[in-house]
Amino acid sequence: MNHDSNRSMNSLTKQPLDLINNIGILKVCWEKFARYFEVELKEVKLREGYYVMDPVKAVELVDENTICVAAILGSTLNGEFEDVKQLNDLLIEKNKETGWDTPIHVDAASGGFIAPFLYPELEWDFRLPLVKSINVSGHKYGLVYAGIGWVIWRSKEDLPEELIFHINYLGADQPTFTLNFSKGSSQVIAQYYQLIRLGYEGYRNVMENCRENMIVLKEGLENTGRFNIVSKDDGVPLVAFSLKNNHSHNEFEVSDMLRRYGWIVPAYTMPADAQHITVLRVVIREDFSRTLAERLVNDIQKVLHELDALPSKFTANISVSGDHKEVEKNGTLVAKKTDLETQREITTIWRKFVLERKKTSGVC
Ligand SMILES: *Cc1c(COP(=O)(O)O)cnc(C)c1O
């Protein structure tokens, strides 16, 4: 991670090194790294409507112990690319002012196999002087089955020699710097095959196709009039969307109901400081066709219909005034109930609904 070997020897110097990132709840790999290597993570908080790392805020967090700023090319949350160029420019200034030498790592797990084909003009890689290393997952848009990822260093000097172990008992010198040791080569061969088989043009076609199907899905969802689209057109081909109105039924219910149609669409809340936003997310893979995109929109519409016909899982707006609660539905005062009464009523309605469904419907 670090081109300065004095500073990378964290456990020897016991300095509290830190790394800046906008990791969300999903980025276990960064948390693992931080824990194993005793590196303190500093996270840039998100805000509603802005779900990537703000380069200005990130650079503000940099101090003399910072080993690097990690930018994400293709947010797990909404597919958006972070502005690595702006980060690079701001960091050059800060380095100049302070005399530090803070570099950038780009986590291009998804974006590394997308940006070069769809947005070749976008500068996020070694064209920027402070980008010292990049990782990319072969098993995502590299189009290989699970279990392979790549990391590339800008130059030989950026990978400290003491991290490389030389083994010679297999007949020739083999340099190795992985954390684990023996590992099958099938994925490397599969990646090699895909690169040779598809070439630049092949990958570009696949990515363009994914993007087109993403647009079909996005527009279909927009046309229902029920969703806000939280992802961007430029970025990882995925659609992240939330309900415009999730008072009576929320995104988790949509996700649950979709399982009955054979779709597993995750719903999750955003990390701090946007944790009040819940999104559903569909990542468009190579094998997700236009027909499937249209079918998914259809099934989502059916789910919305079913949900509309159901009683609300939660009662509508509850406003607290003093000791008693007023339950409002569509703006009119319905009744005053205690929490317990409300919960009992919901349970009764749901139980009735579930029993009825068992009798009448064979869909599962
Ligand atoms: C998937 C992903 C990872 C993890 O990469 P693996 O190759 O699956 O280990 C890390 N960062 C981001 C942004 C990802 O999307």
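Thresholds applied
Residues numbered from 1 in each chain as written. Predicted model: local features only at pLDDT ≥ 70, side-chain atom pairs only at ≥ 80, totals over all residues. UniProt positions renumbered as here; feature names shortened; annotations may be inferred. Helix = DSSP H or I, 4+ residues; strand = E, 2+ residues; numbered from the N terminus. Buried ≥ 20, exposed ≤ 12 C-beta atoms within 10 Å, placed from the backbone. Contact = placed C-beta atoms within 7 Å. Pairing = 2+ DSSP bridges. Right-handed = clockwise from strand over helix to strand, strands pointing away. Axes fitted to C-alpha atoms, helices over the stretch in contact; angles between N-to-C directions. Parallel < 35°, antiparallel > 145°, perpendicular 65-115°, else oblique. Left-handed = near helix turned anticlockwise from the far one by under 90°. Core = buried A, V, L, I, M, F, W, Y, C linked by C-beta atoms within 7 Å. Domains from an automatic or database assignment. Near = placed C-beta within 6 Å. Nonpolar A, V, L, I, M, F, W, Y, C, P; charged D, E, K, R; others polar. pLDDT = per-residue confidence, 0-100. Expected span 1.5 Å × (residues − 1). Arc of directions from axis to C-beta.

The name recorded for the protein chain in an unreviewed UniProt entry is Glutamate decarboxylase, from Morus notabilis. One UniProt comment on the protein chain, placed under Catalytic activity (unreviewed entry), says "L-glutamate + H(+) = 4-aminobutanoate + CO2".

Participant: I tried to follow the overall build of the protein chain on my own but got confused; where do I start?
Facilitator: When its secondary structure is counted, the protein chain shows 10 helices and 15 strands. The buried share of the protein chain, reckoned over its 364 residues, is 30%. Summarising the internal contacts of the protein chain: among those between residues at least 6 apart in sequence, 62% fall at separations of at least 24.

Participant: Looking at this model, I keep getting lost on the pairing of strand S3 (residues 66-72). Mind explaining?
Facilitator: Two faces, one strand: in a regular strand the side chains alternate between the faces of the sheet. Of all seven residues in S3, seven are buried; the element is thus mostly enclosed. As defined by bridge partners, S3 adjoins strand S4 (residues 104-107) across four bridges and the pair is classed as parallel. The partner of Val-69 across the bridge, within S4, is Ile-104. Where the polypeptide runs from S3 across helix H5 (residues 84-98) and back to S4, its parallel neighbour, the crossover connection is right-handed.

Participant: What is the right way to read the UniProt feature "modified residue: N6-(pyridoxal phosphate)lysine" (unreviewed entry) in the protein chain from this model?
Facilitator: According to UniProt, the feature "modified residue: N6-(pyridoxal phosphate)lysine" (unreviewed entry) maps to Lys-140 in the numbering used here. For Lys-140, the location among the structural elements is in the loop between strand S5 (131-137) and strand S6 (149-153). Dropping the residues within four chain positions of it, Lys-140 is found in contact with Ala-109, Ser-110 and Phe-113.

Participant: Honestly, the sheet that holds strand S11 (residues 267-269) in this entry has me stumped. Any pointers?
Facilitator: What holds strands together in a sheet is hydrogen bonding between their backbones, with the strands either parallel or antiparallel. Pairing within the open sheet is antiparallel, and its four strands lie in the order S9-S10-S12-S11. At either end of the open sheet lies a strand with only one pairing partner, and these are strand S9 (227-229) and S11. Strand-to-strand twist of the sheet, defined as the mean angle between neighbouring strand axes without regard to direction, takes the value 35 degrees. Across the sheet, helix H7 (residues 186-223) is in contact with S9, strand S10 (238-243) and strand S12 (278-283); its angle to S10 comes to roughly 10 degrees. Of the strands in this sheet, S10, S11 and S12 are in contact with helix H8 (residues 251-258), which crosses S12 at around 40 degrees.

Participant: Please explain the packing of H7 against helix H9 (residues 290-309) as it appears in this structure.
Facilitator: For any two helices packed against each other, the geometry comes down to the angle between their axes and how far apart the axes lie. Direction vectors running N to C along H7 and H9 enclose 20 degrees, while the axes themselves pass 9 Å from each other. Taken together, the axes of H7 and H9 lie roughly parallel to each other. Considering the relative orientation of H7 and H9, their crossing is right-handed. Of the residues in H9, those touching H7 at Asn-213, Val-216, Leu-217, Gly-220 and Leu-221 are Arg-290, Ala-293, Glu-294, Leu-296, Val-297 and Ile-300.

Participant: Hey, could you run me through the nonpolar core in this one?
Facilitator: For soluble globular proteins, the rule of thumb is that nonpolar side chains tend to be buried together. Grouped together as the largest cluster of nonpolar side chains are 68 residues, with contacts concentrated most on Val-69, Ala-71, Leu-73, Val-84, Ile-104, Val-106 and Leu-217. Element by element, the count of residues in this core is highest for H7, at seven residues. For this core, the two domains that each supply at least three residues are domain 1 (5-174) and domain 2 (192-309).

Participant: Could you clarify how one ought to interpret the site of the ligand in this entry?
Facilitator: Near the ligand lie 10 residues; those nearest to it are Thr-76, Asp-107, Ala-109, Ser-137 and Gly-149. Of the residues that constitute the shell around the ligand, the class distribution is three nonpolar, five polar and two charged.

Participant: When you look at unusual backbone geometry in this model, what are you seeing that I'm missing?
Facilitator: Excluding glycine, most residues fall at negative phi; most peptide bonds, likewise, are trans. Here Ala-272 and Asp-273 are connected by a cis peptide whose omega angle stands at -5 degrees. Among the secondary structure elements, Asp-273 is positioned in the loop between S11 and S12. Here the phi dihedral of Glu-38 falls at roughly 50 degrees; this positive angle occurs in a residue that is not glycine. Secondary-structure assignment places Glu-38 in the loop between helix H3 (28-36) and strand S2 (40-43). We classify Glu-38 as exposed; it has 12 C-beta atoms within 10 Å.

Participant: Explanation requested: the confidence of the model for the protein chain in the structure shown.
Facilitator: For residues with low pLDDT, the predicted coordinates do not support detailed interpretation. Looking at the protein chain as a whole, its pLDDT mean stands at 85, while 83% of the residues score no less than 70. The element-level mean pLDDT for the protein chain is lowest in helix H2 (residues 10-13), coming to 34, with helix H6 (residues 115-118) highest at 98. Within the model, the stretch residues 315-327 combines pLDDT values under 50 with 24 contacts to residues more than four positions away or in other chains. When the criterion is pLDDT under 50, residues 359-364 qualifies, and its contacts beyond four places in sequence or with other chains add up to two contacts.

Participant: Can you help me understand H5 in this one?
Facilitator: Here H5 contains 15 residues, and its C-alpha end-to-end distance of 21 Å stays within 8% of the 21 Å for a straight helix at 1.5 Å per residue. Three or more residues of H5 are buried, namely Val-84, Leu-87, Asn-88 and Leu-91. Axial view of H5: buried residues confined to an arc of 95 degrees, hence all on one face. Residues of H5 that are exposed and point over 90 degrees away from its buried face: Glu-93, Lys-96 and Glu-97. Buried residues along H5 sit in contact with helix H4 (55-61), S3, S4 and S5. Once H5 finishes, Gly-99 follows within two positions and takes phi at roughly 80 degrees, a positive value.

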